[in-house]
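Each chain is listed here by its residues.
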Amino acid sequence: MIRPRRNSVRGRRTGERSLSNNAACAIICATSRGLEKEKKAGTDMRYLTGYQDHGIVLRPDRPGEPFYSVDGGGVREAILNRVEDVYYLFYDGARPGATPESYWTACLAKSRDMLHWEKLGQVLEAGIVENPQSQSLDARTASSPWVFCADGKWYMYYVGSADCSPEGVPACPYHTLLATADRIDGPWRKVTHEPGKEKHVCFMTRPDSWMDFTASPGHVMENPHWKGPGDRENDRYLMFFSGACRPPMARSLGIASTNDLGCTDDYDSPRPNHWRLRETPILSPKIDIENSSIYYEEENGFYFLFTNHIKDNRYTDAVYVYCTEDPCHWDADRCRILVDGSVSGWAHGAIGLATVAKADAHTLAIVYDGVEGDGEGHLNRKIGYGTLPLPLAPFSKE
């Protein structure tokens with residue numbers, strides 16, 4: 001079980017208030033936009049109907065508050081999970097100060113209603129803090145954790161980076177590492193802490209490819225094409241990871257697969273036992289997308305992919321949604337915009353990672369990070385909440 005820091009007897013609750021006027025306006029604006037099926041200016045892309053934005057629900061702690069030393073520089077990379085009737089939100093906390101020691105690390109909060117969140121603190125620490133002589137690829141960050149439960153064991157796939165910018169922002173290349181736990185709220189154990197596994201990763205960048213600069217984790221799911229233990233063509237598990245090539249960067253999503261969720265090996269092994277990576281991305285890097293969250297609509301058998309669009313190779317400015325009947329094949333023309341600066345009630349510049357979880361039979365919950373106002377930077381992010389009515393209906397090609 002994760003415990004709050006010593007200077008806090010209980011986890012701090014955030015957002016204990018009714019929706020603000022701005023949030024209420026956001027609901028009206030978002031709903032109106034959906035009904036009109038308005039196209040984004042200068043493009044042929046339409047907005048997804050029915051989205052309601054409920055405003056900011058998680059903020060960085062301020063000086064003197066319990067978790068200021070952990071997330072005072074910003075909260076971002078909102079990764080939502082639901083276990084029974086409790087929501088668990090993994091997020092990246094940035095240490096305050098914007099220095100090379102302002103490491104980003106994975107943190108956790110929990111809620112029962114998506115509006116009021118109790119912060120539980122860090123779940124991972126940067127490798128260099130744990131061991132100044134660390135040889136692991138998470139020396140400067142251990143962040144953006146995606147979790148999956150199988151046979152009573154939890155697996156966490158997180159971003160590791162050995163370097164960071166002068167402001168503490170994790171620097172490429174990004175790699176995918178593993179931690180495990182018996183419960184979603186931990187304690188989480190890094191594989192790199194096990195004897196002989198100090199250099200282990202799940203997978204990493206591939207030289208001279210579309211993903212030779214980043215290979216960071218994403219949504220994990222069971223492969224619907226897997227036919228059972230005797231299947232030699234299809235691995236049981238799929239991960240939709242984010243990849244990018246060296247500057248000038250172009251980004252997309254790829255598929256990694258495995259039959260063993262605990263599969264790791266040395267990053268410098270000549271023949272590593274890593275997750276298997278498909279040669280090509282699921283969509284053209286010319287679109288420039290990153291991050292993944294997938295929702296399966298049982299009513300019609302369609303998969304919906306929520307991902308970020310990158311504007312002018314500078315920052316993520318929108319959440320796109322793609323739909324397909326086969327998660328191994330996606331069509332760039334079956335796309336809608338969910339959130340951008342004109343839809344969000346509070347973030348009008350950078351719109352970061354969005355993830356989803358089913359709230360009830362009629363509602364899909366969505367969280368995303370952003371900069372309040374018109375900012376485009378990586379720091380001082382906050383996390384907002386929105387909803388979509390269920391069931392989601394597939395949309396036609398543009």
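These numbers come from a predicted model, not from an experiment. (Residues numbered from 1 in each chain as written. Predicted model: local features only at pLDDT ≥ 70, side-chain atom pairs only at ≥ 80, totals over all residues. Heavy atoms only, no water.)

Peer 1: Which parts of the structure should I look at to understand the overall build of the protein chain?
Peer 2: Scanning the protein chain from N- to C-terminus turns up three helices and 25 strands. On C-alpha atoms alone, the protein chain measures out to a radius of gyration of 20 Å, which is about the 21 Å that the 2.2 N^0.38 rule sets for 398 residues. Each of the three principal axes of the protein chain carries a C-alpha extent, and together these read 60 × 55 × 40 Å. Residues classed as buried in the protein chain amount to 57% of the 398 residues present. (Helix = DSSP H or I, 4+ residues; strand = E, 2+ residues; numbered from the N terminus. Rg over C-alpha atoms; globule rule 2.2 N^0.38 Å. Buried < 20%, exposed > 50% of the residue type's maximum accessible area, 1.4 Å probe, protein only.)

Peer 1: When you look at the pattern of salt bridges in this model, what are you seeing that I'm missing?
Peer 2: Taken as a whole and judged by the stated rule, the model has 22 salt bridges. The shortest N-O distance in the salt bridge between Asp369 and Arg381 comes to 2.4 Å. Of the two residues, Asp369 sits in strand E24 (residues 363-370) while Arg381 sits in the loop between E24 and strand E25 (382-389), which places them twelve residues apart along the sequence. (Salt bridge = Lys/Arg side-chain N within 4 Å of Asp/Glu carboxyl O.)

Peer 1: Is there a simple way to explain the nonpolar core in this structure?
Peer 2: In a soluble, globular protein the nonpolar side chains are often hidden away together inside. Counting 45 residues, the largest nonpolar core has Phe304, Phe306, Trp330, Leu338 and Leu388 as the members making the most contacts within it. Of all the secondary-structure elements, those providing two or more residues to this core are strand E15 (237-244), strand E16 (251-258), strand E19 (289-297), strand E20 (302-311), strand E21 (315-324), strand E22 (335-340), strand E23 (351-360) and E24. The leading source of residues in this core is E21, at six residues. Judged by nonpolar contacts, the second largest core, of 24 residues, contains Leu108, Leu137, Met156 and Met204. (Core = buried A, V, L, I, M, F, W, Y, C linked by side-chain atoms within 4.5 Å.)

Peer 1: Teacher, can you tell me more about the environment of Glu118 here?
Peer 2: Relative to the elements of secondary structure, Glu118 occurs in strand E6 (residues 117-122). Along the primary structure Glu118 and Thr105 are separated by 13 residues, whereas in three dimensions their C-alpha atoms are 17 Å apart.

Peer 1: Sorry if this is basic, but what is going on with the side chain of His54 here?
Peer 2: Note on placement: His54 falls in strand E2 (residues 52-58). Since its relative accessible area comes to 12%, His54 is described here as buried. Of the polar contacts made by the side chain of His54, one reaches the side chain of Thr387; its length is 2.9 Å. (Polar contact = N/O pair within 3.5 Å; in protein donor to acceptor, adjacent residues only side chain to side chain.)

Peer 1: Help me understand unusual backbone geometry in this model?
Peer 2: A negative phi angle is the norm for most residues apart from glycine, just as the trans form is the norm for most peptide bonds. In this chain, Cys172 is followed by Pro173 through a cis amide linkage whose omega measures 10°. Of note, the bond from Gly186 into Pro187 is cis; its omega dihedral lies within 30 degrees of zero at 5°. Here Pro187 is to be found in the loop between strand E11 (175-181) and strand E12 (189-190).

Peer 1: Would you mind showing me how to read the pairing of E19 here?
Peer 2: Note on strand geometry: in a regular strand, side chains alternate between the two faces of the sheet. Along E19, seven of the nine residues are buried, which leaves the element largely enclosed by surrounding structure. Relative to E20, E19 is paired through seven bridges, and the arrangement is antiparallel. Considered in E20, the bridge of Ser293 is made with Phe306. Counted along the chain from E19 to the antiparallel partner E20, the turn is four residues long, and its residue Gly301 has a positive phi close to 80°. (Pairing = 2+ DSSP bridges.)

Peer 1: In this structure, what is going on with the packing of aromatic side chains? I would like to understand it.
Peer 2: To describe a pair of aromatic rings, you give the distance between the ring centres and the angle between the ring planes. Applying the stated criterion to the full structure yields nine aromatic pairs. Chaining the aromatic ring pairs together yields one cluster made of Tyr157, Phe203, Trp210, Phe241 and Trp275. Over the aromatic face of Tyr267 sits the side chain of Lys199, whose NZ or CZ is 5.8 Å from the ring centroid. (Phe/Tyr/Trp six-rings, centres within 6.5 Å; stacked < 30°, edge-to-face > 60°. Lys NZ or Arg CZ within 6 Å of the ring centre and 35° of its normal.)

Peer 1: Teacher, can you tell me more about the pairing of E6 here?
Peer 2: Within E6, five of the six residues are buried, leaving the element largely enclosed by the surrounding structure. The pairing of strand E5 (residues 104-111) with E6 spans four bridges and is classified as antiparallel. Residue pairing in the sheet places Ala109 in a bridge with Lys119 of E6.

Peer 1: When you look at the sheet that holds E15 in this model, what are you seeing that I'm missing?
Peer 2: The pairing of strands in a sheet happens through backbone hydrogen bonds and is either parallel or antiparallel. A sheet is described by the order of its strands in space; here four strands give the open sequence E14-E15-E16-E18, paired in antiparallel fashion. Looking along the sheet, the strands with just one partner apiece sit at the ends: strand E14 (214-222) and strand E18 (276-277). Bridge analysis of E15 against E16 gives eight bridges, and the strand direction is antiparallel. Along E16, the bridge assignment pairs Leu238 with Ser257.

Peer 1: Which parts of the structure should I look at to understand the sheet that holds E2?
Peer 2: Sheet architecture is open: four strands sit in the order E2-E25-E24-E23, paired in antiparallel fashion. Both outer strands of the open sheet, E2 and E23, are each paired with one neighbouring strand and no more. Between one strand and the next, the sheet's axes are offset by a mean angle of 25°, whatever the strand orientation. Relative to E24, E23 is paired through seven bridges, and the arrangement is antiparallel. Counterpart to Ala354 in the pairing with E24 is Tyr368. (Axes fitted to C-alpha atoms, helices over the stretch in contact; angles between N-to-C directions.)

Peer 1: Sorry, what's going on with the environment of Arg82 here?
Peer 2: On the secondary structure map, Arg82 appears in strand E3 (residues 74-83). Between the C-alpha atom of Arg82 and that of Arg112, which follows or precedes it by 30 residues, the distance is 9.4 Å. A polar side-chain atom of Arg82 sits 2.5 Å from the main-chain carbonyl oxygen of Ala359.

Peer 1: When you look at the confidence of the model for the protein chain in this model, what are you seeing that I'm missing?
Peer 2: Close inspection of predicted coordinates is inappropriate for parts of the model with low pLDDT. When pLDDT is averaged across the protein chain, the result is 91; 90% of the residues are at 70 or more. Contacts for the low-pLDDT stretch residues 1-37, under 50 throughout, to residues beyond four places or in other chains number 72 contacts. (pLDDT = per-residue confidence, 0-100. Contact = heavy atoms within 4.5 Å.)

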